[in-house]
Amino acid sequence: MTAPLRALIADDEELARHLVREYLGGHADIDIVGESVNGLDAAKALGELQPDLVFLDIHMPKLSGLEVLELSGRRDGVIFTTAYDQYAQKAFDLHAIDYLLKPFSKTRFDEALARARARLGQALPAIDKLIAHPSAWVERVLIRDREQVHVIAVDKIDYIEAQSDYIAIHSQGRDYLKTQRISDLEAQLDPKNFVRVHRSFIIHLAALQGIERFGSDGHAARMSDGKRVPISRSGYDRLRAAM
Amino acid sequence: MHPILADLRHLLRYVAAWLLIGVALAWGLWQGGLAAPIPALVFALPLCGVFGFVALSSYYLCRSMPIARRTGMLSLTVFGGATLAVALGWLGLGVAWNGAGYALGRGAGLAAMTQPAWVAFFAAGIGLYVVSILGHDVLLAFDSVREAAAREAQARGLARESELQLLRTQIHPHFLFNSLNSISALTSIDPAGAREMTIALAQFFRQTLALADRDRITLGEELALCEHYLAIEKRRLGARLTTDLRIDAATLAALIPPLTLQPLIENAIKHGIHQLDEPGEVRLDALARDAWLHLRLVNPLPARACMEPGQAGLGVGLKNIRERLEALYGERMRFTWQRGETHFEVEITLPLERETDR
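None of the values given here were measured: they were computed from a predicted structure.

A. Representation of the interface of chain A and chain B within the structure. Opposite the 25 residues of chain A that make contact, chain B presents 28 residues. Of all residues in chain A, the largest losses of buried area upon contact with chain B belong to A:Glu13, A:Leu15 and A:Tyr84, amounting jointly to 25% of the total for that side. Here chain A is connected to chain B by 3 salt bridges. Linking chain A to chain B there are 5 residue pairs in polar contact (both at pLDDT 80 or more). For the side of chain A that touches chain B, the leading source of residues is helix α1 (residues 14-24) of chain A, giving 6 residues. Residues of the side of chain A that touches chain B, tallied by class, amount to 12 nonpolar, 3 polar and 10 charged.

B. Just the sheet that holds strand β15 (residues 228-231) of chain A, in detail. Residue and element names in this part refer to chain A. Taking strand neighbours across the sheet as the criterion, the 3 strands line up as β13-β14-β15 in an open arrangement whose pairing is antiparallel. Strand pairing shows two members of the sheet lacking a second neighbour, β13 (208-214) and β15, which therefore form its edges. When the angles between neighbouring strand axes are averaged without regard to direction, this sheet yields 30°. Along the sheet, helix α8 (residues 233-242) contacts β13, β14 (218-223) and β15; its crossing angle with β15, the most-contacted strand, is approximately 105°.

C. Up close: the pairing of strand β5 (residues 292-300) of chain B. Residues and elements named next belong to chain B. Alignment of strand β4 (residues 280-289) against β5, held across 7 bridges, turns out to be antiparallel. Bridge assignment links leucine 287 to a residue of β5, and that residue is histidine 294. What sits between the antiparallel neighbours β4 and β5 is a turn of 2 residues, in which aspartate 290 has the positive phi angle 50°. As paired elements, β5 and strand β7 (residues 343-351) share 9 bridges and run antiparallel to each other. Following the sheet pairing, asparagine 299 is matched in β7 by phenylalanine 344.

D. The arrangement of the pattern of salt bridges in detail. Residue and element names in this part refer to chain A. Under the definition given, this model contains 32 salt bridges over all chains. Between arginine 17 and glutamate 35 there is a salt bridge; the shortest N-O distance is 3.0 Å. Separated by 18 residues along the polypeptide, arginine 17 in helix α1 and glutamate 35 in strand β2 (residues 30-36) bring together distant segments of the chain. A salt bridge links aspartate 98 to arginine 115; its shortest N-O distance comes to 3.6 Å. Taken together, the residues span a long stretch of sequence, with aspartate 98 in the loop between α4 (86-94) and β5 (99-101) and arginine 115 in helix α5 (residues 106-118) at a distance of 17 residues. Since its relative accessible area comes to 39%, arginine 115 is described here as partly exposed.

E. Region of interest: the packing of helix α8 (residues 219-237) of chain B against helix α9 (residues 262-272) of chain B. All names here are of chain B. Packing of α8 against α9 leaves a shortest axis separation of 9 Å and a crossing angle of 20°. By the angle between their axes, α8 is roughly parallel relative to α9. In this structure, α8 crosses over α9, and the sense of that crossing is right-handed. Contacts from Glu222, Leu225, Cys226, Tyr229, Leu230, Glu233 and Leu237 of α8 reach α9 at Gln262, Pro263, Ile265, Glu266 and Ile269.

F. Just the packing of helix α2 (residues 39-49) of chain A against helix α3 (residues 65-72) of chain A, in detail. All names here are of chain A. Contact pair α2 / α3: the axes reach a minimum separation of 9 Å and the direction vectors enclose 35°. Crossing geometry of α2 relative to α3 is assigned as right-handed. Contacts from Gly39, Ala42, Ala43 and Leu46 of α2 reach α3 at Val68, Leu71 and Ser72. Within the contact of α2 with α3, the residues separate by chemical class into 5 nonpolar, 2 polar and no charged.

G. Inspection of the nonpolar core at higher detail. Counting residues in each nonpolar core, the largest one holds 68 residues, and the members touching the most others are A:Leu24, A:Phe55, A:Phe109, B:Ile269 and B:Phe335. Counting 32 residues, the second-largest nonpolar core is a separate cluster that includes B:Trp18, B:Ala35, B:Ala111 and B:Tyr129.

H. Structural view of a nonpolar patch on the surface. All names here are of chain B. On the surface, Met1, Leu5 and Phe53 cluster together into a nonpolar patch covering about 330 Å² of accessible area. Within the secondary structure, leucine 5 is located in the segment before α1 (8-31). Residue class for leucine 5 comes out partly exposed when judged on its relative accessible area of 34%.

I. Up close: α8(A). All names here are of chain A. Of all the positions in α8, only Gly235, Tyr236 and Leu239 are classed as buried. Projected down its long axis, α8 carries its buried residues within an arc of 100°, all on one side. Of the residues in α8, the exposed ones pointing more than 90 degrees away from the buried face are Arg233, Arg240 and Ala241.

Quick notes on the rules
Residues numbered from 1 in each chain as written. Chains lettered and ligands numbered in written order. Predicted model: local features only at pLDDT ≥ 70, side-chain atom pairs only at ≥ 80, totals over all residues. Heavy atoms only, no water. Contact = heavy atoms within 4.5 Å. Buried area = accessible area lost by both parts, 1.4 Å probe. Salt bridge = Lys/Arg side-chain N within 4 Å of Asp/Glu carboxyl O. Polar contact = N/O pair within 3.5 Å; in protein donor to acceptor, adjacent residues only side chain to side chain. Helix = DSSP H or I, 4+ residues; strand = E, 2+ residues; numbered from the N terminus. Nonpolar A, V, L, I, M, F, W, Y, C, P; charged D, E, K, R; others polar. Pairing = 2+ DSSP bridges. Axes fitted to C-alpha atoms, helices over the stretch in contact; angles between N-to-C directions. Buried < 20%, exposed > 50% of the residue type's maximum accessible area, 1.4 Å probe, protein only. Parallel < 35°, antiparallel > 145°, perpendicular 65-115°, else oblique. Left-handed = near helix turned anticlockwise from the far one by under 90°. Core = buried A, V, L, I, M, F, W, Y, C linked by side-chain atoms within 4.5 Å. Patch = residues over 30% accessible without salt bridge, like charges linked within 9 Å, V, L, I, M, F, W, Y side chains within 5 Å. Areas by Shrake-Rupley, 256 points an atom, 1.4 Å probe, with all protein chains shown as cover. Arc of directions from axis to C-beta.

Structural data, given as structure tokens:
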């Protein structure tokens, strides 16, 4: 006999969790190992409990379902649940990801469960695409710092600097390091507010104080914290276009 | 431009009216034995034609001094002075034109004007100009009434439109589907609770539809709607949502536009309580002070950085409500909101109207 499957339920509403519990009651080979009432809990539980399956609500306090996946790096055994979210649904459909629309029937639930079982342990590459190219510009950036999670509102970011294999996010006098490609983050930020002024730099227009001459025909951006950020020739054109 | 000059048909009618006055004047001269019919007409018609155009000037005079802003001395000086000046001009013109009769070889001018005849002529000039001033005042009054009516109709249209818009956004799919999911869960653990929640949901939608059709409802009716809404949310959120409604009994009969409070409570729950991990309280105060109704709604907020994405549209619903209240009350209302570090607060002040006042 194989070991039972271990499942986590993440939903902020008690009745919604209860319904999943009830539907799972018919499956003797599934153990519910934990329940999470917000996104942060869910991300933590995913790391600590390493469940085989997770029922993940999209709208939760603290972190959304997608942010939970971004933070935990979890890519397999995910069954999304949502009541109504035009953007998320569009993105799911686009990447052919299965999801349960509340309220859902037992039949529909069993179907999604069967599909997830069949792919147990297989990462869904579509989730990467979902996270890298959200359907709307992101409004906050998540940074994992050992046990801590920093949530930075994008309007508090001054500029972003690419270093060897990570990026440094400068915000309110602090630096936060994150393993992410600068071009991936650039794709998530609203180009009306953020401009890639250099191969290694993205600046927030709100934190730009002025543009200075630098060298014979180069430019540098003077930021609100007094730092100078180099501007490349094509970066200068992009900056002019954005302003 | 003067409305009469701007329209050819009006102008023709206006000139015809002055020619009739000219004929009347000529008839007076003939009856008074001062002139034969033909010279009397030659004397009176051109003068009246010219005076007709001069009289139009009173339109600008009346417009520059709206009736509401006229004070005794100033208006007497302005209107009296203008009338005197015009009448003197009229007299001068009359004397000069009559003198043209000499040029035509007539011994006594076009009409044999005596001194009393000239006094009467001068008085007629004053009278005609005063009539013109009064006529223009009436014209302007009609205009402003028409304008006010148009403005009101526009405001009404705007109010109705935003009401409909509100109603449409009212039936939030997110709220509806989550509630149905809760009912679905309740059917097996608490069938009576499932039924209660179904009824509260039905009541909420039914009342929303019924109330949205009316211009004003009592605060009591609005609160009944909110109670259904809160009953549903409490079922969904359990202990996470508590409420503290401090309603002054004197405010229950106060009239407010429908769906003023409910969307605010919905905002408070959606952007406040739902985003919080720990339990939160929505607090509503309703007070009647002097001739004003004060409403205040406070809800806790999650820390700024923990806001769920998509909160940028937060102000849209609030702006809609403000626009609606502005269209209905104009200057006689206040609607403010304030976002603190930990709390969000909305305050509304409306004139205190009761059913019996209407």
